[in-house]
Amino acid sequence: MTSLEGLLDRPAPAAPADHLTLRRGAARVLIDNWTGASTVPSRTLYPHQWSWDSAFIAIGQRHLSARRAQRELESLLAAQWADGRIPHIVFNPAVAADAYFPSPDFWQSSRAGRAAGAPSAPETSGIVQPPVHALAAWLVHLADPVESRRRGFLARVHPRLAAWHDYLLTRRDLGGRGLVAIVHPWEPGMDNSPCWDRALARVEPVAPDTFRRADLDHGHPADRPTDLDYGRYVRLAADYREAGYDDRAARHRFALEDPSFNALLIASELALAAMSRELRLPHERHTQRADRLTRTLVERLWDEDAGLFRVRDLHDGTLVDEDSVSGLVPLLVPHLPEDVVRRLRATLLGPRFSATATELVPSYDLTGHAFDKHRYWRGPAWFNTAWLIHRGLRTHGLRPDAERIRAGFLDQAKRSAFAEYIDPATGEGRGTRNFSWTAALALDLLCPDHEELRP
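Summary of the structure given here. (Residues numbered from 1 in each chain as written. Predicted model: local features only at pLDDT ≥ 70, side-chain atom pairs only at ≥ 80, totals over all residues. Heavy atoms only, no water.)

**Description of the overall build of the protein**
For clarity, the cut-off: Helix and strand definitions follow DSSP, with helices as H or I runs of at least four residues and strands as E runs of at least two, each counted in order from the N terminus. We take the radius of gyration over the C-alpha atoms and set the globule estimate at 2.2 Å times the residue count to the 0.38 power. In what follows, a contact means two residues having at least one pair of non-hydrogen atoms within 4.5 Å. In this charge count, Lys and Arg are treated as positive and Asp and Glu as negative; neither His nor the chain ends contribute. Taken as the charge centre is NZ of Lys, CZ of Arg, CG of Asp or CD of Glu, depending on the residue.
Looking only at helices and strands, the protein features 17 helices and 11 strands. Its C-alpha radius of gyration of 20 Å places the protein within 12% of the 23 Å reference for a compact globule of 455 residues. Taking all contacts inside the protein whose residues are at least 6 apart in sequence as the whole, residues at least 24 apart take part in 70%. Distance between charge centres in the protein, computed from 57 positive and 59 negative side chains, equals 4 Å.

**Regarding the packing of helix 16 (residues 399-415) against helix 17 (residues 436-446)**
Convention followed: Angular values range over 0 to 180 degrees, each being the angle between N-to-C directions of two axes fitted as lines to C-alpha atoms, with helices fitted over their stretch in contact. Angular relationships are summarised with four words: roughly parallel below 35 degrees, roughly antiparallel beyond 145, roughly perpendicular across 65 to 115, and oblique for the angles in between. Note on convention: near helix rotated counterclockwise from far helix by under a right angle means a left-handed crossing. Clockwise means right-handed. Asp, Glu, Lys and Arg are counted as charged, while Ala, Val, Leu, Ile, Met, Phe, Trp, Tyr, Cys and Pro are counted as nonpolar; the rest, among them Gly, fall into the polar class.
Relative to each other, helix 16 and helix 17 sit at 135 degrees, their axes nearing to 10 Å. As judged from the angle between their axes, helix 16 and helix 17 are oblique. For the pair helix 16 and helix 17, the crossing hand works out as left-handed. Residues Arg406, Phe409, Leu410 and Ala413 of helix 16 form the contact with helix 17, whose participating residues are Thr438, Leu441, Ala442, Leu445 and Leu446. Looking at the contact of helix 16 with helix 17 residue by residue, the class counts come to seven nonpolar, one polar and one charged.

**Comments concerning the nonpolar core**
Rules: In this text, buried Ala, Val, Leu, Ile, Met, Phe, Trp, Tyr and Cys residues form a nonpolar core when linked through side-chain atoms within 4.5 Å. Burial here depends on accessible area, computed with a 1.4 Å probe over protein chains only, as a share of the maximum for the residue type. Under 20% is buried, over 50% is exposed, and the range in between is partly exposed.
In terms of nonpolar packing, the biggest core is built from 140 residues, with Phe56, Leu161, Phe309, Leu344, Trp387, Ile389 and Phe409 touching the most fellow members. Ranked by residues supplied to this core, first place goes to helix 12 (residues 259-278) with 11 residues. With near-sequence residues (within four places) excluded, Leu161 lies in contact with Leu77, His133, Ala134, Ala137, Leu272 and Met275.

**Overview of the packing of aromatic side chains**
To be explicit about the condition: Any Phe, Tyr or Trp ring, taking Trp's six-membered ring, that has another such ring centre within 6.5 Å forms a pair; planes under 30 degrees apart are called stacked, those over 60 apart edge-to-face, and the others tilted. In this scheme, the term charge over a ring applies when either NZ of a lysine or CZ of an arginine sits within 6 Å of the ring centre and within 35 degrees of the ring normal.
Scanning all chains against the criterion turns up 27 aromatic pairs. Here Trp81 and Tyr245 contribute two aromatic rings whose centre-to-centre distance is 5.6 Å and whose plane-to-plane angle is 80 degrees, an arrangement assigned as edge-to-face. Linking Trp81 in the loop between helix 4 (66-77) and strand 2 (89-90) with Tyr245 in the loop between helix 11 (227-242) and strand 4 (256-257), this pair joins segments that are 164 residues apart in sequence. Relative accessible area serves as the criterion here: at 2%, Trp81 is assigned to the buried category. Classification of Tyr245 by relative accessible area gives buried; the value is 0%. Linked through ring pairs, Tyr46, Trp50, Trp52, Phe56, Tyr100, Tyr376, Trp377, Trp382, Trp387, Tyr421, Phe435 and Trp437 together constitute an aromatic cluster. Just above the ring of Tyr376 sits the side chain of Arg224; from NZ or CZ to the centre is 4.6 Å. A cation over a ring is seen here: Arg241 above Phe106, with NZ or CZ 4.8 Å from the ring centre.

**A look at unusual backbone geometry**
Note that the residue after Phe101, namely Pro102, is joined by a cis bond; omega there is 0 degrees. Checked against the element boundaries, Pro102 lands in the loop between strand 2 and helix 5 (104-107). Across the junction of Ala121 and Pro122, the peptide omega takes the value 0 degrees, indicating a cis bond. Along the chain, Pro122 falls in the loop between helix 6 (109-112) and helix 7 (133-143). In the Ramachandran plot, Tyr376 falls in the positive-phi region, its phi being about 45 degrees despite a non-glycine side chain. By the secondary structure assignment, Tyr376 is in the loop between helix 14 (338-349) and strand 9 (381-382). By relative accessible area, Tyr376 is classed as buried at 4%.

**Re the pattern of salt bridges**
We apply this condition: Salt bridges are defined by distance alone: a side-chain nitrogen of Lys or Arg within 4 Å of a carboxyl oxygen of Asp or Glu.
Applying the stated rule across the entire model yields 33 salt bridges. The residue Asp83 makes a salt bridge to Arg85 at a minimum N-O spacing of 2.8 Å. For the pair shown, Asp83 and Arg85 are each scored as buried. With a shortest N-O distance of 2.5 Å, Arg310 and Asp323 are connected by a salt bridge.

**Regarding the sheet that holds strand 8 (residues 318-319)**
Using the following cut-off: Two strands pair under a simple rule: DSSP has to find at least two bridges between them.
With antiparallel pairing, four strands are arranged side by side in an open sheet as 3-4-7-8. Lying at the two open borders of the sheet, with one neighbouring strand each, are strand 3 (181-182) and strand 8. Pairing analysis gives two bridges linking strand 3 to strand 4, with the strands arranged antiparallel. Bridged to Ile182 within strand 4 is Leu256.

**Thoughts on helix 4**
Defined as follows: Expected span, for any helix, means 1.5 Å times one less than how many residues it has.
Over its 12 residues, helix 4 extends 17 Å from the first C-alpha to the last, a length consistent with the 16 Å expected when each residue adds 1.5 Å. Regarding helix 4, the residues found buried are Ala66, Arg68, Ala69, Gln70, Glu72, Leu73, Glu74, Ser75, Leu76 and Leu77.

**A look at the side chain of Glu187**
One can find Glu187 in the loop between strand 3 and helix 10 (197-200). Taking the relative accessible area as the measure of exposure, Glu187 reaches 0% and is therefore buried. Other than its neighbours up to four places away in sequence, Glu187 contacts Ile127, Val128, Gln129, Pro130, Arg172, Ala181, Ile182 and Phe261.

**Here we look at the packing of helix 3 (residues 51-61) against helix 17**
Geometry of a packed helix pair, given as the angle between the helix axes and the separation of the axes. Packing of helix 3 against helix 17 leaves a shortest axis separation of 7 Å and a crossing angle of 30 degrees. Pair helix 3 / helix 17 crosses with left-handed handedness. Residue-level inspection shows Trp52, Asp53, Phe56, Ile57, Ile59 and Gly60 of helix 3 in contact with helix 17, the latter providing Ser436, Trp437, Ala440, Leu441, Leu443 and Asp444. Class assignment of the residues belonging to the contact of helix 3 with helix 17 gives a composition of eight nonpolar, two polar and two charged.

**Here we look at the environment of Asp303**
In plain terms, the rule: Here a polar contact means two N or O atoms within 3.5 Å. Within protein one must be a hydrogen donor candidate and the other an acceptor candidate, and residues neighboring in sequence count only if both atoms are side-chain atoms.
Here Asp303 is to be found in strand 5 (residues 302-303). Residue classification places Asp303 among the buried residues on the basis of a relative accessible area of 17%. For the pair Asp303 and Val340, spaced 37 residues apart in sequence, the C-alpha to C-alpha distance is 9.5 Å. Not counting residues up to four positions away in its chain, the partners in contact with Asp303 are Leu308 and Arg310. One polar contact links the side chain of Asp303 to the main-chain amide nitrogen of Asp305, over a distance of 3.1 Å.

Here's what the structure looks like:
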């Protein structure tokens, strides 16, 4: 494995001195958060391996060590269930059980998930997170194709990633219209977004004295989801567990089609197509699925009047009247209609999402009724969604807009000590510091590869 000194001192492209300092700082975060097989998001708040975190981490890690980036993804995929799902947490047995809640004892994956194909070890959660993994794997391959081919990296991860997408497009098509549904607010990664409030109101929370929130040991209550939210999260997860994590048997009181989740699946289907071509396998299935998903995304979730994509609540079939960053992430999709791209850009630059002091994108409408500049996904600007939107803007040739976000990202990552997220107006760092995906994606924007996925 690459030495610590080697990672820090590896030659970088010519860059201003402040960028070289930022690069060394970002590399240090990833080195310090490396466990030997994967990278924790944070040594304090998130001491295990998280699914979409590892994908983002690998995207940045590839600029330091393609081998380590491959291992990041391989370690996650080693915990894949037999039904194809990639769990949102892979628990480290060396970490104390009370360091994070819900703990392995709550999820009981090896027992409750046995029929769904959960591994006997390691213990995992039973829900999922957005499918960024194939996109990450393809970008990791492109960072060092010779090493990737030598190790057979794509040949090993391709079938696992294809099974992951098959799981989503079959067992999670709960609306029967071709889009993937989420069944828990943690699955889209935007835990307490106002987009979930109406659906969560249907869920009876568990009593607050039946669990202990470990997150408040390391995060300020004003930044985190409320106790009421957490009680509902626990109820949904417990109900899913009691149904054996069976998507067909479970009674899904929370089931929604999320635009960001489905957009990331489209990008990753295109990545699978690119991998298939590299491996000399048929690729048409993946490009056709990406095309079909794109059409359905627009038909089902585009709101012309709002100028962005919206969440659809499968309980009553209606679009949720909340404007969040999830509705802008589909800029990542290459073949959106031109008028949709124009409207998304106008929304991005308009008063609802334009935080000119930081140039990052708030997680919720700045003018919205539920906006809270500090509370998790109800207003703060996140670095991973900025990276996704930056990539989407470049995909559609909107390079000046993309460069503005890139510059803001790098400035705020440095100023905030690689914070988990920031106040969109002031840039004040919130959540934990030395956050792995912030550091990793800063590395990626310091070393842009300019490769685009094409079917």
